[in-house]
Amino acid sequence: MALNVFDHDEYRPPVWKSYLYQLQQEAPHPRRLTCTCEVDNRPKYYGREYHGMISREDADQVLSQAEGSYLIRESQRQPGTYTLALRFGNQTRNFRLYHDGKHFVGEKRFESIHDLVTDGLITLYIETKAAEYIAKMTINPIYEHVGYTTLNQEPTLKKHLPHSPQEPDGPALAKDDCNTEERLTSLVRRATLRESDLAPKYEKVHNFKVHTFRGPHWCEYCANFMWGLIAQGVKCADCGLNVHKQCSKVVPNDCQPDLRHVKKVYSCDLTTLVKAHNTKRPMVVDMCIQEIEARGLQSEGIYRISGFSELIEDVKLTFDRDGEKADISSNAYEDINIITGALKLYFRELPIPLITYDAYPRFIEAAKITDPEKRLESLHEALKLLPPAHCETLRYLMAHLKRVTEYEKDNLMSSENLGIVFGPTLMRAPDLDAMTALNDIRYQRQVVETLITNEDVLF
């Protein structure tokens, strides 16, 4: 049951810091200096701000009229290359200018020169005026006091927003209610829902991607304004957390994926999926294994015999669409080999294999050890390298496969046979050459065979 964050004295709505927001408003505006004469060979993607091949000194003289003025010139030293000359801080700054369908001088790419210059002036102004402030932004972040988990009570937020323009530490947000609510949606998650004692405590890094925010946005780590026209910060693709790029480097590995961002089951990172659904293991694994154990343990060639690929794909689409409500009963799929095929497909399509790329070499090394006791010790150490969600899923799967071997007289599937089936499914060689990967197949089989046989000892 979700607790209402606002019933707890320890929580206070965050106060967004307005200093950088005010600086952005003060930044110089771009002033395009147009060339009054016709210029030969002007690139089609530049306008009248292009002045042809003029010297730095000439550009400096022309630009000295006003702060924020700019022009584009062709380099005299390197003909065919172009320079953006920009007046800032009473001096002319020169930047090598590129175009690949969009304009850029660094990482950010812009549709127009005007937008590039506007963003550049904002960045130069803020980083000049507030260099020391920016360097200390990550100290005492609000994130440590608020954090987040999945938000269930968005409507209660609006009356708690910091809306007063007179607040010394916060900007006026009334004009941007929808953006404000979106910001708070991810920010107050931990405060809104307390972690259940039964919920698995899996650590997960945030999946940050550079993001362009529409309208004013504030960093949900340090509470400072995210400045610029585009690519003002990064957004976690799994939980929606919005932060400065520099703040993303110090955000704890406590991503709590939001089902609004995690839209599928197959091909989704395993830890992301279980945290999004608040389960110990992926629901597709639990549901398929339960169905197989209910009606398939005695089926001859279980896991070795393939079901119809079209129906296996249908199971996949059903899980992606319906999640834990997916119907995989005998009424929907009479052939149990379709369910085993769907389970194997899930493991094959994991972006990071169940036995991860990082742990892979240790498992292969363990399989090469001839002494049985030392091999088990080495495998036990290798298991410690797996992320907790991966290790728990592997444990559950191996316990299931061991139960499958208990019916070997009926299904003809020994631990060796299951190792042949599941070795390449659970383990993928990380960027190895073809010959090494081919040689590893027998060790992959041995790893899985040993994990099944010694499941009760190793986990």
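Refer to the structure above for everything that follows.
Everything quoted here is computed from the prediction, not taken from an experiment. (Residues numbered from 1 in each chain as written. Predicted model: local features only at pLDDT ≥ 70, side-chain atom pairs only at ≥ 80, totals over all residues. Heavy atoms only, no water.)

Visitor: Just to check I follow, could you spell out the packing of aromatic side chains for this structure?
Guide: This model, assessed by the stated rule, comprises 12 aromatic pairs. Taking 5.6 Å as the distance between ring centres and 70° as the angle between the ring planes, the aromatic pair formed by Tyr46 and Tyr82 counts as edge-to-face. Here Tyr82 lies in strand β3 (residues 82-88) and Tyr46 lies in the loop between β1 (31-32) and α2 (56-63), a separation of 36 residues in the sequence. By relative accessible area, Tyr46 is classed as buried at 4%. Relative accessible area serves as the criterion here: at 13%, Tyr82 is assigned to the buried category. Look at Tyr98 and Phe104: their rings are 5.4 Å apart centre to centre, the planes differ by 20°, and that puts the pair in the stacked class. Residue classification places Tyr98 among the partly exposed residues on the basis of a relative accessible area of 38%. Judged by relative accessible area, Phe104 falls into the buried class, the value being 14%. An aromatic cluster is present here, built from Tyr45, Tyr46, Tyr50 and Tyr82 joined pairwise through their rings. (Phe/Tyr/Trp six-rings, centres within 6.5 Å; stacked < 30°, edge-to-face > 60°. Helix = DSSP H or I, 4+ residues; strand = E, 2+ residues; numbered from the N terminus. Buried < 20%, exposed > 50% of the residue type's maximum accessible area, 1.4 Å probe, protein only.)

Visitor: What is the right way to look at a nonpolar patch on the surface in this model?
Guide: Taken together, the side chains of Met435, Leu438 and Ile441 make up a nonpolar region of the molecular surface, amounting to roughly 310 Å² of accessible area. Within the fold, Ile441 resides in helix α17 (residues 434-453). (Patch = residues over 30% accessible without salt bridge, like charges linked within 9 Å, V, L, I, M, F, W, Y side chains within 5 Å. Areas by Shrake-Rupley, 256 points an atom, 1.4 Å probe, with all protein chains shown as cover. Salt bridge = Lys/Arg side-chain N within 4 Å of Asp/Glu carboxyl O.)

Visitor: What is the right way to read the packing of helix α10 (residues 309-322) against helix α11 (residues 336-348) from this model?
Guide: Describing two packed helices takes the angle between their axes plus the distance from one axis to the other. Interhelical geometry of α10 versus α11 gives an angle of 60° and a closest axis separation of 9 Å. The chirality of how α10 crosses α11 is right-handed. Residue-level inspection shows Leu311, Ile312, Glu313, Val315 and Lys316 of α10 in contact with α11, the latter providing Ile338, Gly341, Ala342 and Leu345. Grouping the amino acids of the contact of α10 with α11 by side-chain chemistry returns six nonpolar, one polar and two charged. (Axes fitted to C-alpha atoms, helices over the stretch in contact; angles between N-to-C directions. Left-handed = near helix turned anticlockwise from the far one by under 90°. Contact = heavy atoms within 4.5 Å. Nonpolar A, V, L, I, M, F, W, Y, C, P; charged D, E, K, R; others polar.)

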